[in-house]
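# Examination of the molecular architecture
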Amino acid sequence: NPYAGLVSHLRASWLSGKTRPMEYRRAQLEALGRFLDDKKQEILEATELDMGKPSFEAFFSEILLCKNELNVTLNNLCHWMKDEHVDKNLVMQLDSAFIRKEPYGVVLIIAPWNYPIHLFLVPLIGAIAAGNCAIIKPSEISKNTERLIAETLSCYLDTDCFAVVTGGVPETTRLLENKFDYIFFTGSPRVGQIVMTAAAKHLTPVTLELGGKNPCYVSDTCDVNNVARRVAWGRFYNAGQTCIAPDYLLCTIEMQEKLMPALREAINEFFGPNPRESPDFGRIVSDKQFRRLRALLSSGRVALGGQTDEAERYIAPTVLADVQPSDPAMQEEIFGPILPIVVIANMDEAIDFINARPRPLALYAFSCDSKIVNQVLERTSSGGFCGNDTLMHVTLTSLPFGGIGNSGLGKYHGKFTFDTFTHHRGCLHRNMGLEALNAPRYPPYTQQKLGLLTSAFEVKRRGTCTLL
Amino acid sequence: MERMQQIVGRARAAFKSGRTRPLEFRIQQLKALERMVKEKEKEILAALKADLNKFGPNAYSHEILGVLGELALTMEKLPSWAAPQPVKKNLLTLRDEAYINYEPLGVVLVIGAWNYPFVLVMQPLIGAIAAGNAVVVKPSEVSENTARLVAELLPQYLDKDLYPVVTGGVPETTELLTQRFDHILYTGNTAVGKIVMAAAAKHLTPVTLELGGKSPCYIDKDCDLAVACRRITWGKYMNCGQTCIAPDYILCDPSIQGKVVENIKATLKEFYGEDVKSSPDYERIVNQRHFKRVKSLLEGQKIALGGETDEASCFIAPTVLTDVSPESKVMEEEIFGPVLPIVTVKSVEEAIEFINGREKPLALYVFSNNKELIKRVISETSSGGVTGNDVIMHFFLSTLPFGGVGHSGMGAYHGKHSFETFSHRRSCLIKDLKMESTNKMRYPPGSQKKV
């Protein structure tokens, strides 16, 4: 077991208790902030090398959003760590009852390649805030960022408590043989199953942030230009390599026709007449992903874009029209700059279409009529939902971010990350005196004692009294 | 295989019909459950007597009172628990609607245990119904009378398709676990907990595992021993020690070991009289297999109290072992029987080290007049839950989450925590299709100014 030594070293640090004091956690979190400030340029460069990430995007998702999470955490850490006192019943009025927030111990964070800093850092913020030690396993696919993390993070964080492990599938498999006290995984459902199965051997609780096909319903009553812009922005951000990107569009044939020129206009506005030359449009992360995506272009008909360049791993912002449910583009999560449009007759058909498929991580509905937006919300299920926009619901740290069913289990962001990495321990601290009050619970059991217990413990429904 | 598929399939179709969504429906089902518990009280108590030799008022207070309380609380609070929760917005979303919507998960599986066979099926069921799910109930086959009764009664009071009961043993449960559920709540032991989680992993199903372990009980020298021992005796020997949060073993200074035994002895007489075997308030071990298992733990031990057994009636007297070695068999696995080992430690530091050297337990108990010492033990250890200066009681406060950590389990329930366990918290952000100008700064082409 090549990682046994590392894990036991971290476990020893954990048992020493050094991650428990608030000052320690604060210091580590502030060091993470300095990491983001000092290494900003390197982060922008590494992500550009890895997937042509535009620096505007990299700054927003890898630096700004991470700093927001840091600040929310630092601002509230003291409050979040406190014992949470709970309402007591009659019998316990003189006792102290509270929920103690406890770290789990040594946690494992496995991050993917698409937002390679953000998707390890934001979970790590919560793990540190909650008082844990952590092993970080960045993705080997975003290899420049992987190297940056492996080489520089140790200069900022306490290496006794936080370590970076690099490598691919074989290394991750060996790592998962060890016992962790929590595993936080972001990636595909298939690998999510493997992680959870490995976790089951040690009864390790997990959070799995997975994916799926995020539907985007556009009703007939809408501002076509605004819809086109918001959908195009969400779809083509990071060249489509976003777990919450609108994966496919559902609309009527009339709307498809109206949307096309609006989408063309939006793409032109964003990236100019030749997106390949725009510094604001990314590239596909690997040859394997590029080839996978290129094969999807045979679905429906290419209405916009469709150009590709293998050497650059460039795929133009593409819209496919008249896509059939049986087409390749509708069989898997796209994770690329291709937007298929599936034509449906009406909203009911769209909802049935959505509900016949695995529950997605995100769901989008566009309409000027708020009743329609609400109907789609109420009649479907998904990790999260955004009406009349894409992606934005995850930028609000007060909203939990996570999936359901195949798109994941657990949630994080803001306080939810802290809670994810915290064991909520129910504590009751009783009085040693007043023993007489306990008498009804002791044998010998009698109806009389039962009557006393009942009145002490009973919860009465309000409004069950009737005035005679 | 087909039968399980059909049962779960019917529950899923019933869920998809949408009829569990309105709160009125859920409250109606909970009211029916309440009627069931009140109308069939005699039958429930009879089943508990047959399964565990639990007697009337005892069985009532442990298995029925709590259920009625949970039902009343849930019916009262459901509207406030289920209401969409608005969240704090930032500058960009000021004009939008941002909230968390509580939604059912779908079809959940509740697997009960045999030691408190009624309440351990009912309490999760209440939370799962309240959250709007369909629920497949699998009571433990070991407590067969209660299992049979639950299978008979639920369809008489509840929607038959939404809340089916599946009976059977290991083969049936294994088959059931191949089906897809949207959450599984399992109460039982660690070994089977791993099997349940592995099966759940195939479908990426979230789980709540209420397992067990050895719940330590530290008695400080500075403490009212008479009171402490009475409380410990109550919690240890109730249900013949077959309680997941019973104090499993005692840690104390050698100088008070003798007094602890004396106090327990006195309390036992108070509780069960001179002849425990003839007290109607003392239960029996659930079956021969467990009887033999617990009896074998006495081998080679110093029996300070009790030790009498009777295989025919699965009777094991309330027993205390002294000067127990940490390496002995009785200190290896969860005892789950009326045998109380005392392991001596010279200091609270030693006690803490001892506890931390073992798997995290479901419950932890510490008795002391010194508040600071209690706080210290809590802070320097970990466990599912804690009661200071008493045992068991944290289970009865539904505002406290009840669950384990590490080998003692994952997830929690009771009261509102049940509702949240069985709900999906869906983030919702509803924006305006107008006001496009505020979006312009996020669109490409990117420029320093926009940044």
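Residues numbered from 1 in each chain as written. Chains lettered and ligands numbered in written order. Predicted model: local features only at pLDDT ≥ 70, side-chain atom pairs only at ≥ 80, totals over all residues. Heavy atoms only, no water.

Our next topic: the overall build of chain A. The helix and strand inventory of chain A stands at 15 helices and 18 strands. Overall, chain A is about 85 × 70 × 35 Å in size when its C-alpha atoms are taken along their principal axes. Taking all 468 residues of chain A together, the buried fraction comes to 62%. Contacts in chain A between residues at least 24 apart in sequence constitute 71% of all its contacts with a sequence separation of at least 6. In the structure as shown, chain A presents an accessible area of about 17,300 Å², 54% of it carried by carbon and sulfur atoms. The centroid of the 48 positive side-chain charges in chain A is displaced by 7 Å from the centroid of its 51 negative side-chain charges. (Helix = DSSP H or I, 4+ residues; strand = E, 2+ residues; numbered from the N terminus. Buried < 20%, exposed > 50% of the residue type's maximum accessible area, 1.4 Å probe, protein only. Contact = heavy atoms within 4.5 Å. Areas by Shrake-Rupley, 256 points an atom, 1.4 Å probe, with all protein chains shown as cover. Lys, Arg positive; Asp, Glu negative; His and termini not counted. Charge placed at Lys NZ, Arg CZ, Asp CG, Glu CD.)

Looking now at the pairing of strand 6 (residues 182-186) of chain A. Residue and element names in this part refer to chain A. Counting buried positions along strand 6 gives five out of five residues, so the element sits mostly inside the fold. Bridge count for strand 3 (residues 106-110) against strand 6 is four bridges, and the pairing is parallel. Looking at strand 6, one finds that I110 is bridged to F185. Looking at chain direction, strand 6 and strand 7 (residues 206-209) are connected through four bridges and run parallel. (Pairing = 2+ DSSP bridges.)

By a widespread convention, an interface's size corresponds to the accessible area lost as its parts come together. Residue and element names in this part refer to chain A. Here the domain parsing of chain A yields domain 1 (3-211 + 410-423) and domain 2 (215-406). On a C-alpha basis, the centres of domain 1 and domain 2 stand 30 Å from each other. In this assembly, 25 residues from domain 1 lie in contact with 27 residues from domain 2. Both faces combined, the contact of domain 1 with domain 2 buries some 2,300 Å², and carbon together with sulfur accounts for 57% of it. Broken down residue by residue, the surface that domain 1 buries against domain 2 is led by E57, W113 and H413, which jointly contribute 22%. Our count for the contact surface shared by domain 1 and domain 2 stands at zero salt bridges. There are nine residue pairs in polar contact (both at pLDDT 80 or more) connecting domain 1 and domain 2. Contributions of two or more residues to the side of domain 1 that touches domain 2 are made by helix 3 (40-51) and helix 4 (55-81). Counting residues per element, the side of domain 1 that touches domain 2 draws most heavily on helix 4, at six residues. (Domains from an automatic or database assignment. Buried area = accessible area lost by both parts, 1.4 Å probe. Salt bridge = Lys/Arg side-chain N within 4 Å of Asp/Glu carboxyl O. Polar contact = N/O pair within 3.5 Å; in protein donor to acceptor, adjacent residues only side chain to side chain.)

On to the UniProt feature "domain: Aldehyde dehydrogenase" (unreviewed entry) in chain B. Mapped onto this numbering, the UniProt entry annotates "domain: Aldehyde dehydrogenase" (unreviewed entry) at residues 3-425 of chain B. Each end of residues 3-425 of chain B is marked by a C-alpha atom, and these two atoms are 32 Å apart; helix forms 43% of the span and strand 16%. (UniProt positions renumbered as here; feature names shortened; annotations may be inferred.)

All names here are of chain A. Summed over all chains, the structure comprises 54 salt bridges over all chains. Among the salt bridges present, the one from R425 reaches E102, with a minimum N-O distance of 2.5 Å. You can see R425 sitting in strand 18 (residues 422-429) and its partner E102 sitting in strand 2 (residues 96-103), a full 323 residues away along the chain. One exposure class covers both R425 and E102, and it is buried.

Attention now moves to the interface of chain A and chain B. Listed by partner, the interface residues are 104 residues for chain A and 107 residues for chain B. Surface buried jointly by chain A and chain B totals about 8,600 Å² across both partners, of which 61% is contributed by carbon and sulfur atoms. Three residues, L203, M432 and Y445 of chain A, lead the burial of chain A against chain B; their summed loss comes to 11% of the area buried on that side. Taken together, the links from chain A to chain B amount to 10 salt bridges. Between R441 of chain A and D390 of chain B there is a salt bridge; the shortest N-O distance is 2.7 Å. Run the count over chain A and chain B and you get 49 residue pairs in polar contact (both at pLDDT 80 or more). Ranked by the residues each element gives to the side of chain A that touches chain B, the list is headed by helix 8 (residues 189-202) of chain A, at nine residues. Of the residues contributing to the side of chain A that touches chain B, the split by class is 47 nonpolar, 33 polar and 24 charged. (Nonpolar A, V, L, I, M, F, W, Y, C, P; charged D, E, K, R; others polar.)

Glancing now at the side chain of K138 of chain B. All names here are of chain B. For K138, the position within the fold is in strand 4 (residues 134-138). Within the structure, the side chain of K138 is placed 3.5 Å from the side chain of E141, a separation counted as a polar contact. Excluding residues within four positions of it along the chain, K138 makes contact with L109, V110, I111, G112, V166, T167, G168, G169, T173 and L176.

Residue and element names in this part refer to chain A. Cross-referencing UniProt, the feature "active site" (unreviewed entry) maps to E209 and C243 in the present numbering. Spanning 35 residues, the named residues nonetheless gather at one spot, since no C-alpha pair among them exceeds 9.1 Å. From this annotated list, the subset lining the largest cavity comprises C243. Mapped onto the fold, E209 is located in strand 7. Taking the relative accessible area as the measure of exposure, E209 reaches 2% and is therefore buried. Once you skip the residues sitting within four places of it in the chain, E209 turns out to touch F184, F185, T186, G187, F401, G402, S407, G410, K411 and Y412. Here C243 lies in the loop between helix 9 (224-236) and strand 9 (248-251). Aside from chain neighbours lying at most four places away, what touches C243 is N114, L210, N214, E333, F335, L361 and F401. (1 Å grid on protein atoms, 1.4 Å probe; cavity = no way out; pocket = protein on both sides within 12 Å on 5 of 7 lines; lining within 4 Å.)

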